[in-house]
Each structure stands twice: as C-alpha cells, then as structure tokens.
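The residues making up each chain are set out below.
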Amino acid sequence: MGKEQFTIARIFGAYYEIYSEETTYALAVLKGKLRLKNSNERHPFVVGDMILAEKSSGEEWVISERIERKNYLTRKSDKGDSHVLCANLDQVAILASCKDPETKPGFIDRLLAASYDTDIPPLIIFTKKDLVDEEEIKDRETYYSELGYDVMSVSLLSEESIQPLWEKIKGKRTFLCGNSGVGKSTLMNHLHKKTVQRTNLVSGTTKKGKHTTTNSFALFLEGNTVLIDSPGVKEWGILHLTPTQLWESFPELRKQKETCQEIYCCELGSECPMRKYMNESMDETRKKSLESMIESLENPHRVTRRDHWTKAVTKRY
Ligand SMILES: Nc1nc2c(ncn2[C@@H]2O[C@H](COP(=O)(O)OP(=O)(O)OP(=O)(O)O)[C@@H](O)[C@H]2O)c(=O)[nH]1
Ligand SMILES: [Mg+2]
C-alpha cells in the first residue's frame, strides 16, 4: 500500500490525529526514529506539519517522513529553548480582545514581531466588539491599519461577523493566537457552526481566561480553509529575535531604514535613522512597546547564551 500525504491536526502525546482530504481525520503513530534536519527540535512534529504515512497491518497509520516546512512560527521565553508552535501557515490571526480580558498593544506588537521574522502575514482581529463603544473600536482599527496592517473587528454573539471573517480566511491556513479568553475557540466553533472546541467563561473577578484550550487543533473547512486553534498565552517570548529584527518589525521604523543612504550600516548606532525616528517622532505607546522588547533581549538573566541570536538568524531551513 502506498504512502499518503497528511497534515498533523492534533497531538496527543505519542499519538497524532492526522488529516487528508481523502481519508479525513485518522490516528497515527511514529515508529522508530525520524531523521530530522534540525536535531535541536524538542518534538518531531507540530500542528500544521505535512507528513507521509502508510497503513500498517491493522487500522493504524504509521508516519514515515516529515515534508520540509514552508515556514513556522516560533516563541522563545526566558525559560529555555525556542518553541515551534505551528508550521506551513498562510496567515497568523492575532486575536486581541477589546475587553474581558483587554489585550494590551505590547502583546500585539510582540506577535507582529514574531510573524515579521517568519514572513507569515499577520491579520489583527479585535474580538468582543460588542463590549465597547463604536468609537473605541474605530480608534483601535485605525491605529493598526494606518501602520499598514490588515485589521478587522468582530463580535461572535450574532452572525454579523461570519461573512467578513470568511472573506479573510477562505482558502488559507490560519493560526489563531492570543491571550486566554479572547475567543479563539469560540471563533472556530462559530465559523464551523458546530462545537468542535470547548470554550469557557472568563473569570468573574479577574476577567481573564481560564486556559481552556490545552492542545492546538487544526480544523479543515470547505475550500482548503484551515483554522488552527491554540492554547492562550500570557506573553509571547521574542528572545529568538535579534535587536535589528525587532526594530524592523515596526513598519514606521522599517520605512526609515529603507530611505537610509549609508553604504555601511551603523547597526543601530546613534546615526541610525530608525533610532532617530524612535527618539524624536515615534508614538509613545509604540516606543514603550519596542523598549520593553529590547529590554527583554538585553536582560542578562533572560538571555544567558549569545548564540541564541546567531542561531535565530540561521534557523530557517
Ligand atoms: N461578549 C462576547 N463574548 C465573547 C465573544 N467571543 C467570545 N466570547 C466569550 O469569551 C469567553 C472565552 O472564549 P474562548 O473561546 O473560550 O476563549 P479562548 O481564546 O479559546 O481561550 P483559551 O482556550 O483559554 O485560550 C467565552 O465565554 C465566550 O463566549 C464576543 O464576540 N463577545
Ligand atoms: Mg480556547
């Protein structure tokens, strides 16, 4: 029997839920050792990985090979190795809740920096727009759309957002990410019109989410549309990025660099147009956000080995 190509849809310890259009969802295992190009990887697969599998004598599928990743999204906090979250994406949807819990711009910017590094286009989705007034929504949308980002806002209490959401996700593989309680699983259920992922009320006192989703899960919808739900995160660690990557992830700073006439880059020195713009003209909130990211990189307690940076530069394969 021949090999069939699948996508990893969910991981349960040593078992994998895999999906192909022909077979739909099936369970698979990995027998023996898989040879991986990057031996530093913690786990052989993440959700979104494309693999080849064949049926063993029983009903079980056995994974034999991982197909090279087109791209992947990474997070790195102070607590160790960088963590690949998902692979082969067309889009990263950053879900930012307007209220209960309110997502801070610094969180959005960290995710934008992580997606800039991977070249995966971001889509900012403000959720729970029913909980704030229209003016506030418009301000939030304008803030990011003027910077050139694709932005939308939704309420999942009624059907009004289904159509505009479909327009943004159809035919694409979209990773849904954000803090706990922002509505990632609700959005997935809403678009599927069935409950596939458990959701939970946010805490009555702290208005924070309860970390309901514990495993990423890829849902295959019509027309090659794939939504990937993920567990809520408190903070998006960006320690796998270099300072230059961080600065350039801010479109207003990147624009300054593009106009620079110097032949030799001063590497963020005092004459750097990005630094000048940051000191003289940058929006205060955005400046704080960049400073906080730079601080995370510079804090020696957080970055103990400099080679993390070098590795990050050469990590694409
Ligand atoms: N008012 C309002 N509530 C919403 C909206 N979308 C989601 N919620 C509520 O927000 C709560 C949290 O939603 P979830 O979908 O569980 O959030 P999540 O992002 O998946 O959270 P984790 O799995 O913990 O990361 C639920 O009670 C939802 O009903 C919305 O548009 N408006
Ligand atoms: Mg969830």
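Remember, it's a predicted structure, so these values are computed and weren't measured experimentally.

(A) Structural detail: the nonpolar core. Counting residues in hydrophobic clusters, the biggest one holds 49 residues, and the most contacted among them are Phe175, Trp236 and Leu290. Among the elements that line this core, the one with the most residues is helix 1 (residues 105–118), at six residues. Judged by nonpolar contacts, the second largest core, of 20 residues, contains Leu156, Ile162, Leu191 and Leu221.

(B) Highlighting the sheet that holds strand 12 (residues 217–221). Strand order in this open sheet of six strands is 10-9-8-11-13-12, and the pairing throughout is mixed. The strands lining the two open edges of the sheet, one partner per strand, are strand 10 (150–153) and strand 12. On average, each strand axis in the sheet is inclined to that of its neighbour by 25°, with strand direction left out of account. Across four bridges, the pairing between strand 9 (residues 122–127) and strand 10 is parallel.

(C) Structural context of the domain arrangement of the chain. When the domains of the chain are assigned, the result is domain 1 (4–66), domain 2 (72–229) and domain 3 (243–313). In this structure, domain 2 and domain 3 have C-alpha centres spaced 26 Å apart. Regarding the contact of domain 2 and domain 3, the summed buried area is about 1,300 Å², with carbon and sulfur atoms giving 56% of it. When the buried area of domain 2 at its contact with domain 3 is split by residue, Arg110, Tyr116 and Leu147 rank highest and sum to 40% of it. At the boundary of domain 2 and domain 3, one finds one salt bridge. Two residues, arginine 286 and aspartate 109, come together in a salt bridge whose shortest N-O distance is 3.4 Å.

(D) Highlighting a negative patch on the surface. Together, Asp283, Glu284, Glu291, Glu295 and Glu298 make up a negatively charged patch on the protein surface. Its location among the elements puts glutamate 295 in helix 8 (residues 284–298). When its relative accessible area of 56% is taken as the criterion, glutamate 295 is described as exposed.

(E) Quick look at the pairing of strand 5 (residues 61–66). Judged from the three bridges that link them, strand 3 (residues 24–30) and strand 5 form a sheet pairing that is parallel. Paired with valine 29 across the two strands is valine 62, which belongs to strand 5. Of the pairings in the sheet, the one linking strand 4 (residues 50–55) to strand 5 comprises five bridges and is antiparallel in character. Bridging from a neighbouring strand, alanine 53 pairs with isoleucine 63 of strand 5. Linking two consecutive strands that pair antiparallel, namely strand 4 and strand 5, is a turn of five residues.

(F) The arrangement of the packing of helix 6 (residues 251–258) against helix 7 (residues 273–280) in detail. One way to put it is that helix 6 packs onto helix 7 with a least axis distance of 8 Å and a crossing angle of 135°. As the angle between them shows, helix 6 and helix 7 are arranged oblique. Crossing angle aside, the handedness with which helix 6 passes helix 7 is right-handed. Packed against helix 6, whose contacting residues are Glu252, Leu253, Arg254, Gln256 and Lys257, the element helix 7 presents Pro273, Met274, Tyr277 and Met278 at the interface. Grouping the constituent residues of the contact of helix 6 with helix 7 by class yields five nonpolar, one polar and three charged.

(G) Just a nonpolar patch on the surface, in detail. Taken together, the side chains of Phe12, Tyr15 and Leu27 present a nonpolar region at the surface, about 300 Å² in accessible area. Summarising the element assignment, leucine 27 is placed in strand 3.

(H) Layout of the site of ligand 1. The local shell around ligand 1 holds 22 residues, among which Leu156, Ser180, Lys184, Thr186 and Thr213 are the closest. Lysine 128 places a polar side-chain atom, nitrogen or oxygen, 3.0 Å from an oxygen atom of ligand 1. Leucine 156 is positioned such that a nitrogen or oxygen atom in its backbone is 2.7 Å from an oxygen atom of ligand 1. Its free accessible area being 660 Å², ligand 1 has 89% of it covered by the protein chains.

(I) Local environment of the packing of aromatic side chains. Taken as a whole, this structure holds nine aromatic pairs when the rule is applied. A centroid spacing of 6.1 Å and a plane angle of 70° characterise the contact between tyrosine 25 and phenylalanine 220, whose relative ring orientation is edge-to-face. Pair noted here: tyrosine 25 is in strand 3 and phenylalanine 220 is in strand 12, with a separation of 195 residues, a long-range link. Tyrosine 25 sits in the partly exposed class, given a relative accessible area of 30%. Judged by relative accessible area, phenylalanine 220 falls into the buried class, the value being 15%. Seen from the ring of phenylalanine 217, arginine 10 lies directly overhead, with NZ or CZ sitting 3.9 Å from the centre.

Cut-off values and rules
- Residues numbered from 1 in each chain as written.
- Chains lettered and ligands numbered in written order.
- Predicted model: local features only at pLDDT ≥ 70, side-chain atom pairs only at ≥ 80, totals over all residues.
- Heavy atoms only, no water.
- Core = buried A, V, L, I, M, F, W, Y, C linked by side-chain atoms within 4.5 Å.
- Buried < 20%, exposed > 50% of the residue type's maximum accessible area, 1.4 Å probe, protein only.
- Helix = DSSP H or I, 4+ residues; strand = E, 2+ residues; numbered from the N terminus.
- Pairing = 2+ DSSP bridges.
- Axes fitted to C-alpha atoms, helices over the stretch in contact; angles between N-to-C directions.
- Domains from an automatic or database assignment.
- Buried area = accessible area lost by both parts, 1.4 Å probe.
- Salt bridge = Lys/Arg side-chain N within 4 Å of Asp/Glu carboxyl O.
- Patch = residues over 30% accessible without salt bridge, like charges linked within 9 Å, V, L, I, M, F, W, Y side chains within 5 Å.
- Areas by Shrake-Rupley, 256 points an atom, 1.4 Å probe, with all protein chains shown as cover.
- Lys, Arg positive; Asp, Glu negative; His and termini not counted.
- Charge placed at Lys NZ, Arg CZ, Asp CG, Glu CD.
- Parallel < 35°, antiparallel > 145°, perpendicular 65-115°, else oblique.
- Left-handed = near helix turned anticlockwise from the far one by under 90°.
- Contact = heavy atoms within 4.5 Å.
- Nonpolar A, V, L, I, M, F, W, Y, C, P; charged D, E, K, R; others polar.
- Near = heavy atom within 4 Å.
- Polar contact = N/O pair within 3.5 Å; in protein donor to acceptor, adjacent residues only side chain to side chain.
- Phe/Tyr/Trp six-rings, centres within 6.5 Å; stacked < 30°, edge-to-face > 60°.
- Lys NZ or Arg CZ within 6 Å of the ring centre and 35° of its normal.

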